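Observations on the three-dimensional arrangement
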Amino acid sequence: MTLPEDVPLTAQPDILPAMARDAAALPPIPWHRLRRIALPLAVLFVALGLWQWITASGRVSPLILASPLAIAEAFGRSGAEILAHMGVTLGQAMAGFAIGNALGLLVAIIFVHSAPIRRAVYPVAIGAEAVPVVAVLPVLILWLGNGMAPKIVITAFLTFFPMLVNALRGLRSADAEVKELMHTLSADARQTLWLVRLPASVPFLFNALKLSACACIVSSIVAEWLAAERGLGHLIVVYGARYQTAEVWATALAATAASLAVYGLVTLAERLAMPWKTR
Amino acid sequence: MDGSLPDPDGMTAETAAGGLVARDVGMVYRRGREVTEALTGCSLEVPRGSWASLIGPSGCGKSTLLRIFADLVHPTSGRATLHGTTPADARANRVFALVSQQSTMLPWRRILENVELGLQVARVSPRERRRTAEEMIELVGLKGFERAYPAELSGGMRQRAAIARALTLRPRFLLMDEPFGALDEITREKLNFELLRILQETGATLLLVTHSISEAIILSDEVAVMSARPGRITKRVPIGFGRDRDRSLRDDPRFAAYEAELRHALHG
Ligand SMILES: Nc1ncnc2c1ncn2[C@@H]1O[C@H](COP(=O)(O)OP(=O)(O)O)[C@@H](O)[C@H]1O
Ligand SMILES: [Mg+2]
C-alpha cells in the first residue's frame, strides 16, 4: 500500500519558513505562559500594596476594612477553625453540586427522549428557576432543620438549572449528518445516547459545571448565614457579631480559595475529558 | 442493462430481483407552503455486483434517489428495493453502507474508533471489531493513523476513514454521494483507483453519485444521466471496460468517446 497522498501539515516541517524552523530548534521560552501568570500576579501585588497603604494610613477604620497584614494574622490565630468550618461548607456544596447536576442531566436525558414530557415539564422547570430560593430558605429550614440538609437542597436546586439547560442543548447538539449516520447504521436510542448524544454534550456539561462551581459555595454559605451551627457562613456571622473584622475577611478569602479550587478541578477535568480538543 | 455482466449465481438481475431497483419513483418535498418536486417517474436498475454512477445537473435529485435507497427519506410514489427488500429492511439487515461527501466522523473518537463505529452498533465483540477495523484501515491506506483524531487528518484521509468504516460491515451495496467531491483533482483520481481496487476485492454493488464525468467512467459499468428537476433517468451509457481497469484507462480512445457522449447527454 502506498502512503496516503496527504499527510497533515504538522508532519511537514519543510513548509515552515526557515526562521520559524531555527526558532523551533532552540528550547522554546514559554513567554506567553510566563505572561499569563506574571501579569495577574503583578496586578494582585499592586492591589494588595494599595490596600495595605490605605488601611495603614488610617483613612479607613480597621473595623470596616482590615489590612492584609491583619488578615494574615487572623489566619494565624483562627486558621484551624476556619479550615474545619470550610470542610463543612465544602461538603454541603459538593453534595448539592453532585445531586443538582446529576438530576439536571437526568431530566435533560428524559426530555430529549420524550417530546411530550419536555413540552409539559420544561416551561414549569424554567418557571421554577425564577423562584428566589433565598426567600423560601426559612421555610426549608423549618422543614429540614438547621443541619446540612437545607443547604444541600438549596445548592442542588441552584445547580440543577444550568445543567438542565446546557445538557438539553448539548444532547441535541449532534449534527444532522451524525444523526443520519447513526440512522443508516440502525443504531437504537440507547446507542445513540451513549455513542453520540452524551459525548457530543461534554463541552456543554462542563459549561454548566463551571457555572455552578462557584455558585455552589455561595449558596451553601448564604444558607448557613440564616441558620447553622457550622460552616463558613455561620463563622462569618459569629466573627461579625464579635467585630473580628480581620477574621471575617480571612474567612471570605478562604471561601474564595475553596471556590477557585472547585473551579480549577472542573477545568482540569474538562481538559482530561476532551483530549481531542487539547491535543 | 448489459446482460453480459458476471453473475455469480447464474441468474439475471431480473429474475433474482437482486441489485438496486427503483421503479417509477417520485419524490415531492413539502416544507410549509413550499413544494419541490425532486423526482418523477424515476427508474433505475443496478444488477448485483455491478457498478453504476448517477450524474446530472445539480439539484436534479441525485442525492434524493440515493437517500431513498438508504432509507433516509421515503418516496412519495413508486418503490425502491435492494435485493428485493425495502430500504427499511435493508437498513435493519445492514446490507448497505452510505458514504457521503462530508465523511461524517465523530470528533471525539480516534480514527480506529470511528472505523469501528458500525461494528460497535451492530454489537460485534470488541476483539473482532478491532481486528476488522484494522484490516479495513490497512485496505484504505490509513495504517499508522489509527490513533489520530479526525481533526488531525486531511479531508482525503478522513474520506478514506469513512470508506473504511463503510466497508467494516461488508455491505453488499455501497451507496456513495459525491464521496470525493470536496477533494482536489489529484487526490480524487488516486482515490478513484483505490476504490476500484477495493470494489474488485469486496465484490460490492456500487451506486455512486458524482459530478465528475471522468470519475463516473472510471468507476462504472453503466452511467445513468438524470434530467434537470424533477429528475428522471434520461440516458444510460454502458461503459465497456470490464473489470481490469488501471490508470491506463484514460489513454483508451473509448474513454474520450464516453466522455463526449456523457457531456452531450448532460448539456443537451
Ligand atoms: N429535505 C428537503 N426538503 C426540501 N427540499 C429538498 C430537501 N432535500 C432536497 N430538496 C430539494 O430537492 C431537489 C433535489 O435535491 P438533491 O436530491 O439534493 O439534488 P442533487 O443531489 O442532485 O443536487 C433540490 O431542489 C433540493 O432543494
Ligand atoms: Mg447532492
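Here's a quick rundown of the structure. (Residues numbered from 1 in each chain as written. Chains lettered and ligands numbered in written order. Predicted model: local features only at pLDDT ≥ 70, side-chain atom pairs only at ≥ 80, totals over all residues. Heavy atoms only, no water.)

This part is about the overall build of chain B. Within chain B one finds nine helices and nine strands. Here chain B has a C-alpha radius of gyration of 18 Å; the compact-globule value for 268 residues is 18 Å, and the two agree. Based on the C-alpha atoms only, the size of chain B along its principal axes is roughly 50 × 50 × 40 Å. By the burial criterion, 54% of the 268 residues in chain B qualify as buried. (Helix = DSSP H or I, 4+ residues; strand = E, 2+ residues; numbered from the N terminus. Rg over C-alpha atoms; globule rule 2.2 N^0.38 Å. Buried < 20%, exposed > 50% of the residue type's maximum accessible area, 1.4 Å probe, protein only.)

With that settled, the discussion passes to the sheet that holds strand β8 (residues 222-226) of chain B. Sheets are built from strands that pair by backbone hydrogen bonding, the pairs being arranged parallel or antiparallel. Residues and elements named next belong to chain B. What the six strands build is an open sheet, ordered β5-β6-β7-β3-β8-β9; its pairing is mixed. The outermost strands of the open sheet, each flanked by one partner alone, are β5 (96-99) and β9 (233-238). Strand-to-strand twist of the sheet, defined as the mean angle between neighbouring strand axes without regard to direction, takes the value 15 degrees. In the sheet, strand β3 (residues 51-55) pairs with β8 via four bridges, with the strands oriented parallel. Bridge pairing links serine 53 to valine 223 in β8. (Pairing = 2+ DSSP bridges. Axes fitted to C-alpha atoms, helices over the stretch in contact; angles between N-to-C directions.)

Right, let's get into the side chain of B:Asn114. Its location among the elements puts B:Asn114 in helix α4 (residues 111-121). Leave out the neighbours within four places in its chain, and B:Asn114 touches B:Met105, B:Leu106, B:Arg109, B:Pro150 and B:Arg165. (Contact = heavy atoms within 4.5 Å.)

All names here are of chain B. With respect to the helices and strands, leucine 262 occurs in helix α9 (residues 253-267). Between the C-alpha atoms of leucine 262 and leucine 98, which are 164 residues apart in sequence, the distance is 25 Å. Ignoring anything within four residues of it in the chain, the contact list for leucine 262 reads Ile55, Ile213, Ile217, Val223, Val225 and Val237.

This part takes up the site of ligand 1. Residue and element names in this part refer to chain B. Neighbouring ligand 1 are Tyr29, Arg31, Thr36, Ala38, Ser58, Gly59, Cys60, Gly61, Lys62, Ser63, Thr64 and Arg229. Taking cysteine 60, its main chain carries an N or O atom lying 3.2 Å from an oxygen atom of ligand 1. Starting from 560 Å² of accessible surface for ligand 1 in isolation, the protein chains cover 68%. Of all the secondary structure elements, the ones that give two or more residues to the shell around ligand 1 are β1 (20-31), β2 (34-46) and α2 (62-69). (Near = heavy atom within 4 Å. Polar contact = N/O pair within 3.5 Å; in protein donor to acceptor, adjacent residues only side chain to side chain. Areas by Shrake-Rupley, 256 points an atom, 1.4 Å probe, with all protein chains shown as cover.)

Below, the discussion takes up the interface of chain B and chain A. Each side of the interface is counted separately: chain B has 40 residues, and chain A has 27 residues. Where chain B meets chain A, there are two salt bridges. B:Arg67 is paired through a salt bridge with A:Glu180; the nearest N and O atoms lie 2.7 Å apart. Between the two partners, chain B and chain A, sit eight residue pairs in polar contact (both at pLDDT 80 or more). Where the side of chain B that touches chain A is concerned, the elements lending two or more residues are α3 (87-92), β5, α4, α5 (126-139), α6 (155-168) and α7 (185-202) of chain B. A breakdown of the residues in the side of chain B that touches chain A according to their chemical character gives 17 nonpolar, eight polar and 15 charged. (Salt bridge = Lys/Arg side-chain N within 4 Å of Asp/Glu carboxyl O. Nonpolar A, V, L, I, M, F, W, Y, C, P; charged D, E, K, R; others polar.)

With that out of the way, let us pick up the sheet that holds β1(B). All names here are of chain B. Overall, antiparallel pairing links the three strands, which are arranged β2-β1-β4 in an open sheet. The open sheet has two free edges, formed respectively by β2 and β4 (77-82), since each of these has just one partner strand. Taken pair by pair, the neighbouring strands of this sheet meet at an average axis angle of 30 degrees, ignoring direction. Examined bridge by bridge, β1 and β2 share nine bridges and lie antiparallel to one another. Paired with arginine 30 across the strands is valine 35, a residue of β2. The strands touched by α2 are β1, β2 and β4; relative to β1, the strand with the most contacts, the crossing angle is about 115 degrees.

Let us now look at the packing of aromatic side chains. Inspection of every chain in the model, using the stated rule, returns seven aromatic pairs over all chains. Here A:Phe111 and A:Tyr122 contribute two aromatic rings whose centre-to-centre distance is 5.7 Å and whose plane-to-plane angle is 75 degrees, an arrangement assigned as edge-to-face. Of the two residues, A:Phe111 is situated in helix α3 (residues 68-113) and A:Tyr122 in helix α4 (residues 115-129); the sequence distance between them amounts to 11 residues. For A:Phe111, a relative accessible area of 2% puts it in the buried group. Chaining the aromatic ring pairs together yields one cluster made of A:Phe157, A:Phe160 and A:Phe161. When the ring centre of B:Trp51 is taken as origin, the NZ or CZ atom of B:Arg243, which lies over that ring, is 3.8 Å away. (Phe/Tyr/Trp six-rings, centres within 6.5 Å; stacked < 30°, edge-to-face > 60°. Lys NZ or Arg CZ within 6 Å of the ring centre and 35° of its normal.)

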